[in-house]
Amino acid sequence: MSNYHVKTLEEYFQVYRKSVRNPELFWEEIAEEHFVWRKKWNNVLSYDFSKPEIKWFEGAKLNITENCIDRHLQIRGDKTAILLEPNNPDERAEHISYKELHKRVCKFANVLKENGIKKGDRVCIYLPMIPELAISVLACARIGAVHSVVFAGFSSTALSTRINDCEAKMVITSDGSYRGAKTIDLKGIVDEAIESCECIDTVLVAKRIDSEINMKENRDKWLQPLLDEASENCEPEIMDAEDPLFILYTSGSTGSPKGMLHTTAGYMIYTAYTFKNVFNYKENDVYWCTADIGWITGHSYIVYGPLANGATTVMFEGVPSYPDFGRFWEIVEKHKVNQFYTAPTAIRSLAKEKLDFVDQYDLSSLKVLGTVGEPINEEAWHWYNDNVGKKKSPIVDTWWQTETGGMMISPMPYITPTKPTYATLPLPGVQLALMDENGEEIKGNQVDGRLCVKYPWPSMARTIWGNHQRYKDTYFSAFENKYFTGDGALRDEVGYYRITGRVDDVIIVSGHNLGTAPIEDAINEHPAVAESAIVGFPHDVKGNALYGYVILKDVGESRNHDNLRKEINQIITEHIGPIAKLNKIQFTVGLPKTRSGKIMRRILRKIAHNELDNLGDVSTLLNPEVVQSIIDDRL
Ligand code: WTA
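If you look the chain up in an unreviewed UniProt entry, it shows as Acetate--CoA ligase from Tenacibaculum pelagium. Recorded under Sequence similarities (unreviewed entry), the UniProt text for the chain is reproduced unchanged: "Belongs to the ATP-dependent AMP-binding enzyme family."

Structure (structure tokens):
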């Protein structure tokens, strides 16, 4: 029996039991057998959740790019590492072999060095899904620089907040990007963002759309001429197991985004292990995850996990609707994709279109289908299973988070019997607990509670960049000695888990986590707005959409309300990005508040969901009378 690749359900249970009985031994065996080390560890794990402090493989020395690239050169140097499918289907797909990837990463790493980037420096990457995105991520890792990728759909304000928070010295971007029929002026967004970022010395610019852009002297440099000049040799920086690998921002329920810090060895081992098992990846498979590298899914399961296994990983620059709604399936047919990993929101949007968009393509290469990012509803699950998988490819519904680094709960395909809407069982090494509101663990089956993890796993985030106290408060204070996920879950009669959704003020819209506070802060910047509150409500494609309740300063505000709605969404787009726009905006005279002045979102949520007979006791509110007026004016 191999720990590394589980092959039967019986083996899963054995491996799982072993991983709980002796987690250190379990992960140590995997680390020994499947990775290259410059020096082995002195200690597998030390941790203290009360601080919290977590260290895996202390004393070990390695470079993750040696594991993801160099060690494959002998045996699979000519194999495609990254397969790039461009936005425009008429443009040729690009196959980057492991040898080529090695060369391009080394050159890029040398360019970083020549531009003053050293081990430990932060580099912000704001790029579309072009090869330079994966290559720059790996180039940072090669020299020990800490990458912070910001999804290229974020606004200039969101970008500058992130750059300033981690004090990045450099931004890597492109002249622009293609998104379906549109082009986006990325460089313009970067220019605007870094007007308020004193930390930035250099902006490297990749050419993608050949647009006229502004290049600021002594700051902005075209990437290609520098790469052309750079040497192909770059010795990897030897890193400690716990040296930072990257920062990735995620929304919180309050205030500024949280820069989740991931470190090197544990993250590498865990993403590689879960990739192998959850996708049942075999040597000649072609694997495709449709996420953007700007999200954790792309970090772990487009770049690091697949490459650590010597896989062929597809990167797609475009969108599922361009040139038509068959694009995903055309790509599956064209590249004979074996494992396909996407988000429920994409499935729901495609399920609305004619089936012919799916049926005209040969999808027989598919062996495993995956979903991630939000709960998948039953209807979408069946549509995916029937029409894409033809009832032959198991669906792995993978639950995890930016904070967890890798998948935590998921079926293993062909091993764990699936059940629609259930993420099923914890992966080896993952020890879950459901907690009640009094902080007690709820044992047994057919129960529900708040989802926690009670033992460290290798890829957990180690801190929030620059704010360890917030890390402790957010994740380790709700329940003693446990990591609290922020999600609710139920455990059915056989022990399968189903994630029921967030129990905090994070709302997941089209698979993107949005905190209510930053959106409300943005709305409140509008000169006519006094106060606002955001809640989620069900939406058939996005999963959730946003409903905003807004109090105007001047109740008799004479402007047309539709114009005001547009202006409010415009401000949100500028501060956060178009993904955070509100679907409904109701102007109201008040918001229901507790006597201590806290907005009772529960009531607003019920009204937005149209669940009016179930509002609960409102008599204890400071202002119970506003509830009826909100109900009367609801949209
Ligand atoms: C939600 C994405 C139900 C959950 C990898 C979690 C899910 C948040 C699932 C993290 C799933 C993710 N079923 N809910 N399979 N996967 N979620 O940080 O609420 O972008 O806490 O990481 O997405 O989102 P994040």
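K.L.:
Which parts of the structure should I look at to understand the sheet that holds strand E4 (residues 80-85)?
P.N.:
Pairing between the strands of a sheet is mediated by backbone hydrogen bonds and can be parallel or antiparallel. With respect to topology, seven strands assemble into an open sheet ordered E5-E4-E17-E16-E18-E19-E20, the strand pairing being mixed. If you trace the sheet from one side to the other, it starts and ends with strand E5 (94-97) and strand E20 (395-398), each paired once. Each adjacent strand pair in this sheet contributes to an overall mean axis angle of 20 degrees, direction not counted. Direction of pairing for strand E16 (residues 286-289) relative to strand E17 (residues 312-316): parallel, over a ladder of three bridges.

K.L.:
What is the right way to read the site of the ligand from this model?
P.N.:
Taken together, 17 residues sit near the ligand, with Asp397, Thr398, Thr402, Asp487 and Arg502 positioned nearest. Between a nitrogen atom of the ligand and a main-chain N or O atom of Glu374, the distance comes to 3.4 Å. Within the side chain of Asn513, an N or O atom sits 3.1 Å from an oxygen atom of the ligand. Here the ligand, which alone exposes 530 Å², has 95% of that area covered by the protein. Those elements giving two or more residues to the shell around the ligand turn out to be helix H11 (296-308), E20 and strand E25 (497-502). When the residues that make up the shell around the ligand are grouped by side-chain class, the tally is seven nonpolar, six polar and four charged.

K.L.:
Can you help me understand the nonpolar core in this one?
P.N.:
Nonpolar side chains tend toward joint burial in soluble globular proteins. Trp37, Phe57, Leu101, Leu112 and Tyr304 are the most contacted members of the largest nonpolar core, which totals 124 residues. Setting aside residues up to four positions removed in sequence, Leu112 forms contacts with Ile117, Ala139, Cys140, Ile143, Met170, Ile172 and Leu204.

K.L.:
Explain helix H15 (residues 378-388) here, please?
P.N.:
Because each turn of an α-helix spans 3.6 residues, side chains separated by three or four positions end up pointing in the same direction. Taken together, the buried positions of H15 are occupied by Ala380, Trp381, Trp383, Tyr384, Asn385, Asn387 and Val388. Looking at the packing, one finds that the buried side of H15 touches helix H12 (327-335), strand E18 (339-342), helix H13 (344-351), helix H14 (356-359), strand E19 (368-372) and E20. Just beyond H15, the residue with positive phi is Lys390, at close to 50 degrees.

K.L.:
Looking at this model, I keep getting lost on the pairing of strand E11 (residues 202-206). Mind explaining?
P.N.:
Burial analysis of E11 places five of its five residues in the buried class, which makes it a mostly covered element. Looking at chain direction, strand E8 (residues 170-174) and E11 are connected through five bridges and run parallel. Looking at E11, one finds that Val171 is bridged to Val203. Sheet topology places E11 next to strand E12 (residues 220-222); three bridges connect them, and they run parallel. By the bridge assignment for E12, Val205 is matched with Trp222.

K.L.:
Please clarify how the environment of Phe537 should be interpreted in this entry.
P.N.:
Here Phe537 lies in strand E28 (residues 529-539). Counting along the chain gives 28 residues from Phe537 to Val509, while the straight-line C-alpha distance between them is 9.7 Å.

K.L.:
Is there a simple way to think about the packing of aromatic side chains in this case?
P.N.:
For any pair of aromatic rings, the description rests on two quantities: the centre-to-centre distance and the angle between the ring planes. Under the definition given, this model contains 44 aromatic pairs. Between the aromatic rings of Phe275 and Tyr281, the centroid separation amounts to 5.3 Å while the plane-to-plane angle is 40 degrees, which identifies the pairing as tilted. The exposure class assigned to Tyr281 is buried, which follows from its relative accessible area of 1%. Aromatic side chains Trp288 and Phe316 sit 5.8 Å apart centroid to centroid with 90 degrees between the ring planes, which places their arrangement in the edge-to-face category. Separated by 28 residues along the polypeptide, Trp288 in strand E16 and Phe316 in strand E17 bring together distant segments of the chain. Phe316 carries the same exposure label as Trp288, and that label is buried.

K.L.:
It is not clear to me how the pattern of salt bridges should be interpreted in this structure. Could you clarify?
P.N.:
Between side chains of opposite charge, a pair can form when the charged atoms approach closely. Inspection of the entire model under this criterion finds 40 salt bridges. The shortest N-O distance in the salt bridge between Asp70 and Arg142 comes to 2.7 Å. Placement of the pair is Asp70 in the loop between helix H3 (64-68) and helix H4 (73-76) and Arg142 in helix H6 (residues 131-143), with a sequence separation of 72 residues. Note that Lys352 is salt-bridged to Asp540, the shortest N-O span being 3.5 Å. Of this pair, Lys352 sits in the loop between H13 and H14 while Asp540 sits in the loop between E28 and strand E29 (543-552), and the two are 188 residues apart along the sequence. Judged by its relative accessible area of 53%, Asp540 is exposed.

K.L.:
Explain the UniProt feature "domain: Acetyl-coenzyme A synthetase N-terminal" (unreviewed entry) in the chain here, please?
P.N.:
The UniProt record marks residues 12-68 with the feature "domain: Acetyl-coenzyme A synthetase N-terminal" (unreviewed entry), using the residue numbering of this structure. The distance separating the terminal C-alpha atoms of residues 12-68 is 26 Å; by composition the span is 47% helix and 25% strand.

K.L.:
How should the environment of Val319 be read in this particular structure?
P.N.:
With respect to the helices and strands, Val319 occurs in the loop between E17 and H12. On a C-alpha basis, the gap between Val319 and Gln586 in space is 32 Å, while along the polypeptide they are 267 residues apart.

Reading guide: rules and limits
Residues numbered from 1 in each chain as written. Predicted model: local features only at pLDDT ≥ 70, side-chain atom pairs only at ≥ 80, totals over all residues. Heavy atoms only, no water. UniProt positions renumbered as here; feature names shortened; annotations may be inferred. Pairing = 2+ DSSP bridges. Helix = DSSP H or I, 4+ residues; strand = E, 2+ residues; numbered from the N terminus. Axes fitted to C-alpha atoms, helices over the stretch in contact; angles between N-to-C directions. Near = heavy atom within 4 Å. Polar contact = N/O pair within 3.5 Å; in protein donor to acceptor, adjacent residues only side chain to side chain. Areas by Shrake-Rupley, 256 points an atom, 1.4 Å probe, with all protein chains shown as cover. Nonpolar A, V, L, I, M, F, W, Y, C, P; charged D, E, K, R; others polar. Core = buried A, V, L, I, M, F, W, Y, C linked by side-chain atoms within 4.5 Å. Buried < 20%, exposed > 50% of the residue type's maximum accessible area, 1.4 Å probe, protein only. Contact = heavy atoms within 4.5 Å. Phe/Tyr/Trp six-rings, centres within 6.5 Å; stacked < 30°, edge-to-face > 60°. Salt bridge = Lys/Arg side-chain N within 4 Å of Asp/Glu carboxyl O.

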